[in-house]
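# Per-entry structural report
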Amino acid sequence: MLQVKNIEKYYGNKNQVTKALDRVSFDVAAGEFIAIMGASGSGKTTLLNCISTIDTISAGSILLDGVDISGLSDRKLAKFRRERLGFVFQDFNLLDTLTIEENIGLTLSLNHQNPKNVQKQVEKIAHTLGITEILKKFPYQVSGGQKQRAACARAMVAKQSLLLADEPTGALDSKASKNLLEIMTQMNQKMKATILMVTHDAYSASYASRVLFLKDGRLFNELLKGMRPRPTFYHEILDVLAVLGGDISDVI
């Protein structure tokens, strides 16, 4: 589904160049749940930004369903983001002037879908994620956990191909974090959502089926969960982080 091929990303000018990504390559199959980990400055957020087309790559290619997204025009990129990508951010990014129902259906409305169809799809995903009772409320009237569920619903309501999550549990307490991770697992398993999640937290990463570790802009290691229970996978992730070195407090 997603192919990242030898991508490089440079910042700066001729006098001072920083190489944020150094020939990173990996594939993502449809229906996978992948976590990306690494210490601060490892390139994990830059990688997510390049895949999401928020940032551009300096070399290499990124293909989604065979289409090289790094070569799309601005107009096609905007259409691509609306129709193919879903985003879940640490700070929710819900619009305070819209109800939860309107926030979830915003992408569908921007794509000029029939209002009745928008309402039907919003109600369906709200039921799946257990937030039907808050649809008529505004973001300031609901809890942080409910906001994050709404953000997940918005990200997947249009059946986007790829869900991108940047530190989605960063603003939540431990209980809300666990609830969100269980929701994302449900979206992955029941809705067949393909998820790419950047996280500094080993506990969050243990919910994924595969973990990619970055160090100094390069792919350092990867772990496959397989049939192992999540607690076992969690400790294996911690072991890799210990070997990874650097300021482990940044990634645990």
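Just so it is clear, the structure is predicted and the values come from calculations on it, not from any experiment.

### Re the packing of aromatic side chains
The final tally for this structure, using the stated rule, is two aromatic pairs. Aromatic pair phenylalanine 138 and tyrosine 140: ring centres 6.0 Å apart, planes at 15°, arrangement stacked. Judged by relative accessible area, which is 27%, phenylalanine 138 ranks as partly exposed.

### Looking at the pattern of salt bridges
Using the criterion set out here, one finds nine salt bridges in the structure. Across the pair aspartate 22 and arginine 218 runs a salt bridge, and its minimum N-O distance is 3.6 Å. A residue pair is termed long-range when its members are at least 10 positions apart, and aspartate 22 in strand β2 (residues 17–28) and arginine 218 in strand β10 (residues 218–224) qualify at 196 residues. Between glutamate 222 and arginine 210 there is a salt bridge; the shortest N-O distance is 3.1 Å. A residue pair is termed long-range when its members are at least 10 positions apart, and glutamate 222 in strand β10 and arginine 210 in strand β9 (residues 210–215) qualify at 12 residues. Bridged by salt links that share partners, the residues Lys19, Asp22, Arg23 and Arg218 form one connected network.

### Notes on the side chain of serine 61
Positionally, serine 61 belongs in strand β4 (residues 59–64). On the basis of relative accessible area, serine 61 is assigned to the buried category, the value being 15%. For serine 61, the contacting residues outside a window of four places in its chain are Gln3, Val4, Lys5, Ile7, Asp68 and Ser70.

### Digging into helix α7 (residues 174–190)
Over its 17 residues, α7 runs 24 Å from end to end, which matches the ideal 24 Å to within 8%, given 1.5 Å per residue. Against the buried residues of α7 lie β3 (33–37), α6 (144–156), β7 (162–166), β8 (194–198) and α8 (202–205). Following α7 by one or two positions, lysine 192 has its phi on the positive side, about 60°.

### A word on the environment of phenylalanine 26
If you trace the backbone, phenylalanine 26 turns up in strand β2. By relative accessible area, which is 6% here, phenylalanine 26 ends up buried. Phenylalanine 26 sits 196 residues away from glutamate 222 along the chain, and the two C-alpha atoms are 10 Å apart.

### Some words on the confidence of the model for the protein chain
Here the protein chain shows a mean pLDDT of 87. Residues at 70 or above account for 97%. Of the regions scoring below 50 in pLDDT, residues 246–252 engages in 14 contacts with residues more than four places distant in sequence or in other chains.

### Quick notes on the sheet that holds β7
Read from one edge of the open sheet, six strands run β6-β7-β8-β3-β9-β10, paired in mixed fashion. On the outer flanks of this sheet lie β6 (85–89) and β10, each paired with one strand and no other. Mean inter-strand twist for the sheet, computed between neighbouring axes without regard to direction, equals 20°. Sheet topology places β7 next to β8; five bridges connect them, and they run parallel. Bridging across to β8, leucine 162 finds its partner in threonine 194. Sheet strands touched by helix α1 (residues 44–51): β3, β6, β7, β8 and β9. Its angle to β7, the strand with the most contacts, is close to 150°. Packing against the sheet, α7 makes contact with β3, β7 and β8, and its axis sits at approximately 150° to β8.

Definitions and cut-offs
- Residues numbered from 1 in each chain as written.
- Predicted model: local features only at pLDDT ≥ 70, side-chain atom pairs only at ≥ 80, totals over all residues.
- Heavy atoms only, no water.
- Phe/Tyr/Trp six-rings, centres within 6.5 Å; stacked < 30°, edge-to-face > 60°.
- Buried < 20%, exposed > 50% of the residue type's maximum accessible area, 1.4 Å probe, protein only.
- Salt bridge = Lys/Arg side-chain N within 4 Å of Asp/Glu carboxyl O.
- Helix = DSSP H or I, 4+ residues; strand = E, 2+ residues; numbered from the N terminus.
- Contact = heavy atoms within 4.5 Å.
- Expected span 1.5 Å × (residues − 1).
- pLDDT = per-residue confidence, 0-100.
- Pairing = 2+ DSSP bridges.
- Axes fitted to C-alpha atoms, helices over the stretch in contact; angles between N-to-C directions.

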